Amino acid sequence: MARVEYKDMIDFAKVILEEFKLFEGIELVPLEIYQGMDTKPTWEFKTPMASGFYKPCTIKGDSKIEKITIGELHYMRRAKYCALNMTASDDYDLPIYACEFDESAPRVGITVDFMPTVDIAVHEEYVEKYLAPLAELWRKYRTIPGFTKEGRCLVQRRYGPWPWARETLSPYCLDGRVEEREDRSKVIEAIVEYARVWLELWEKAEPVKDPEYKQEMIMRKKTMQRYYRDKDPGGEVLKKIFGEGKHRLFVSLVF
Amino acid sequence: MGEGIKWSPYVEEMREQIDQLKISEIKEWEGHDLTPVLEFTTSQAHGGFKAYCTAKVEKIGIGNFYLNEKVHWCFCTIFPREDYDLPIFISRWEEGEKEISFLVDLMPTVDSLIDEDYRKRYLESVQPLWERYASLPGICPEESDVIRSLCSIIYTAAKVPIEKEGMRLAALAPHTEYLKSYLNFLREANPIGSDAKRKEVKRKRRALRETLRTKFFKEVMKDSMGSIMGENLTELISTILF
């Protein structure tokens, strides 16, 4: 098992934005107010325990996006908790692009997925439209060592203790623990490839017209946001770092 | 039985559980005479499927067939009655000489992300089994994207390498254990209390059934079921199971 020192850990945001140029051709503009909260304290922060940034954005001239957040929390120069989240506005049924990339010396804990905003067993067409484009990538990347170990592919099992979190996942979620340095880079590639598919879907997305479907979709989306903001154990860490008051802002931007 | 292969007693073990219910055999379903599929032999396969009903259950389907004496396919499904919110029990078993591929699940009949009570009652309570079988050799996601889209958060799927004969029984354990849990839910189940929930269950059951009927065999047998069994037998097996 390769240990990766803090100084050698992946610069998540820099790699995604500058090396992979994920948003090339798209003009991101800062989202200063999110759900009534001033987001500026998250743009850059430093506390005794942590430093980093969460940068919430929207896309210039676009009404389809609720938020795009990219961020890193560096914890005591020992670990990095990184996130990329892309959430569409309530008029669109696009899945939530959610990625957590938590790097420490022994491993990266990763989840990347398109979380469906409707019950896909009922809405088969949703799978075809929004999730099936991931099928090939899912099959390619689920073989990354760590996801598959000793002949056992443990993709979609990482959130064992949290059934509510597994409920939010699509059939194409990549999640697991990856150790070796070169495999960590492959994970970044998977994150970017998934994000590119999401951005293609965003470009083509049309507003939802059926009011009943829209109501169902919004309820599911808000339920997922509530779960992650209220129940994710990472939220407890954020409370310790930022205090009760500010932690709400951080968790709301991460998910 | 294939040469040298001692096939797993899938049907016997599952029947042992199911027989604890007061079941009655169904000979006809939705206008289909099920007799031809009770026991059949084609040029490539032989086997048999039966359907049963019991209290709170619309239909139990169970059966198996041997394909060219090289692959042992087994299936078991339980569809609860429409006025119960019980999940749909589904078990698929594909046994070869060197590998067993399987899926077992309790497919939710509501949106179990939204309905936390349902999730706690029928899925989280089975989570200890899900965790136990995570250590099974060959554990993996269900390969079919279509079927995986229907599965619950506690489905167990695997491609278990048969390195020693004890592995066949080890692979069978998730099926019998999930079934035992399901039968306990069945014993305790009460009819759905609210109209809104009844409507939700009805809609999701219809969607699940439609997908399973039209796509299940295409997905798990790579479209070969029709050529192996003929269209009539395929349709009858699908009718029994879904």
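Quick caveat: nothing in here was measured; it's all calculated off a predicted structure.

So, the overall build of chain A
Assigned secondary structure in chain A consists of eight helices and 12 strands. Along the first, second and third principal axes, the C-alpha set of chain A runs to 50 × 45 × 40 Å. At a minimum sequence separation of 6, the contacts of chain A that also span at least 24 residues come to 65%. As displayed, chain A offers around 11,200 Å² of accessible surface, 51% of which is attributable to carbon and sulfur atoms.

Section: the pairing of strand E9 (residues 99–107) of chain B
Residue and element names in this part refer to chain B. Counted residue by residue, E9 has eight buried out of nine residues, so it is predominantly covered. Looking at chain direction, strand E8 (residues 88–95) and E9 are connected through eight bridges and run antiparallel. Bridge pairing links Ser-91 to Val-104 in E9. Turn length for the E8-E9 hairpin, with the two strands adjacent in sequence and antiparallel, is three residues.

Here we look at empty space enclosed by the protein
One pass over the full model with this rule turns up one cavity of 30 Å³ or more. What the largest cavity holds in volume is close to 450 Å³. If you go around the largest cavity, you meet 32 residues; those closest to its centre are Arg-166 and Leu-169 of chain A together with Cys-151, Ser-152 and Ile-153 of chain B. Looking at the lining of the largest cavity residue by residue, the classes come out as 19 nonpolar, five polar and eight charged.

Side note on the pattern of salt bridges
Opposite charge on two side chains permits them to pair, given that their charged atoms come into close proximity. Scanning the entire structure with this criterion turns up 41 salt bridges over all chains. Here Glu-244 of chain A makes a salt bridge to Lys-239 of chain A, at a shortest N to O gap of 4.0 Å. Residues participating in the shared-partner salt-bridge network are Arg-139 and Arg-142 of chain A together with Glu-143, Asp-145, Arg-148 and Lys-159 of chain B.

Regarding the interface of chain B and chain A
Between chain B and chain A, the contact holds 36 residues from the first and 35 residues from the second. Along the contact surface separating chain B from chain A lie eight salt bridges. A salt bridge links Asp-119 of chain A to Lys-204 of chain B; its shortest N-O distance comes to 2.9 Å. Linking chain B with chain A are 17 residue pairs in polar contact (both at pLDDT 80 or more).

Looking at the side chain of Arg-220 of chain A
Positionally, Arg-220 of chain A belongs in helix H7 (residues 211–231). For Arg-220 of chain A, a relative accessible area of 7% gives the class buried. Looking at Arg-220 of chain A, its side chain comes within polar contact range of the main-chain oxygen of Pro-116 of chain A, at 2.9 Å. Apart from the residues lying within four places of it in its own chain, the contact partners of Arg-220 of chain A are Pro-116, Thr-117, Val-118, Asp-119 and Glu-167 of chain A together with Asp-111, Leu-113 and Ile-114 of chain B.

Structural notes on the environment of Ala-88 of chain A
All names here are of chain A. Relative to the assigned elements, Ala-88 resides in strand E7 (residues 79–88). Counting along the chain gives 23 residues from Ala-88 to Ile-65, while the straight-line C-alpha distance between them is 4.3 Å. Not counting residues up to four positions away in its chain, the partners in contact with Ala-88 are Lys-64, Ile-65, Glu-66, Leu-94, Trp-198 and Lys-221.

Quick word on the packing of aromatic side chains
Counting across every chain of the model gives 29 aromatic pairs over all chains. When the centroid spacing of 3.7 Å and the interplanar angle of 10° are considered together, the rings of Phe-242 of chain A and Phe-250 of chain A count as stacked. Each ring, one from Phe-89 of chain B and one from Tyr-182 of chain B, has its centre 5.9 Å from the other, and the planes form 50°; the classification is tilted. Pair noted here: Phe-89 of chain B is in strand E8 and Tyr-182 of chain B is in helix H6 (residues 166–188), with a separation of 93 residues, a long-range link. Since its relative accessible area comes to 0%, Phe-89 of chain B is described here as buried.

Notes on the confidence of the model for chain A
Residue-level pLDDT values for chain A average 94, and 98% of them are 70 or greater. The least confident element of chain A, judged by mean pLDDT, is strand E11 (residues 152–153) of chain A at 81; the most confident is helix H1 (residues 12–19) of chain A at 98.

Some thoughts on the nonpolar core
Membership of the largest hydrophobic core comes to 61 residues, with the highest contact counts inside it found for Phe-12, Leu-84, Tyr-97, Phe-101, Ile-110, Ile-191 and Tyr-194 of chain A. In terms of residue count, the dominant contributor to this core is helix H6 (residues 181–204) of chain A (12 residues). Contact partners of Ile-191 of chain A, with chain neighbours within four places excluded, come to Phe-12, Ile-16, Tyr-97, Cys-99, Phe-101, Ile-110 and Val-112 of chain A. Among the nonpolar cores identified, the runner-up in size contains 47 residues, and Val-57, Ile-62, Ala-171 and Phe-185 of chain B belong to it.

A closer look at helix H1 (residues 10–18) of chain B
Inspection of H1 of chain B places Tyr-10, Val-11, Met-14, Gln-17 and Ile-18 of chain B among the buried residues, and these make up the whole buried set. Down the axis, H1 of chain B shows its buried residues gathered within 125° of arc, on one side only.

Details of the layout of surface pockets
Looking at the largest pocket, its volume works out to about 720 Å³. Taken together, 33 residues line the largest pocket, and the ones lying closest to its centre are Tyr-81, Glu-100, Asp-102, Asp-232 and Gly-234 of chain A. At the level of secondary structure, the elements contributing two or more residues to the lining of the largest pocket comprise E7, strand E8 (96–103), strand E9 (108–115), H7 and helix H8 (233–254) of chain A. In terms of residues, the lining of the largest pocket owes the most to one element, H8 of chain A, which gives seven residues. For the lining of the largest pocket, the per-class residue count stands at 19 nonpolar, six polar and eight charged. Quantified by volume, the second largest pocket comes out at close to 540 Å³. Forming the walls of the second largest pocket are 18 residues, and the residues nearest its centre are Glu-212 and Glu-216 of chain A together with Ala-196, Glu-200 and Arg-203 of chain B.

Points about the environment of Tyr-75 of chain A
Residue and element names in this part refer to chain A. Along the chain, Tyr-75 turns up in strand E6 (residues 65–75). When its relative accessible area of 21% is taken as the criterion, Tyr-75 is described as partly exposed. Ignoring anything within four residues of it in the chain, the contact list for Tyr-75 reads Met-49, Tyr-81 and Ile-241.

Concerning the confidence of the model for chain B
Predicted confidence across chain B gives a mean pLDDT of 95, with 98% of residues reaching 70 or more. In the predicted assembly, ipTM is 0.93 and pTM is 0.95.

Cut-offs used in this document
- Residues numbered from 1 in each chain as written.
- Chains lettered and ligands numbered in written order.
- Predicted model: local features only at pLDDT ≥ 70, side-chain atom pairs only at ≥ 80, totals over all residues.
- Heavy atoms only, no water.
- Helix = DSSP H or I, 4+ residues; strand = E, 2+ residues; numbered from the N terminus.
- Contact = heavy atoms within 4.5 Å.
- Areas by Shrake-Rupley, 256 points an atom, 1.4 Å probe, with all protein chains shown as cover.
- Buried < 20%, exposed > 50% of the residue type's maximum accessible area, 1.4 Å probe, protein only.
- Pairing = 2+ DSSP bridges.
- 1 Å grid on protein atoms, 1.4 Å probe; cavity = no way out; pocket = protein on both sides within 12 Å on 5 of 7 lines; lining within 4 Å.
- Points joined across faces, edges and corners; volume = space filled by probe spheres on them.
- Nonpolar A, V, L, I, M, F, W, Y, C, P; charged D, E, K, R; others polar.
- Salt bridge = Lys/Arg side-chain N within 4 Å of Asp/Glu carboxyl O.
- Polar contact = N/O pair within 3.5 Å; in protein donor to acceptor, adjacent residues only side chain to side chain.
- Phe/Tyr/Trp six-rings, centres within 6.5 Å; stacked < 30°, edge-to-face > 60°.
- pLDDT = per-residue confidence, 0-100.
- Core = buried A, V, L, I, M, F, W, Y, C linked by side-chain atoms within 4.5 Å.
- Arc of directions from axis to C-beta.

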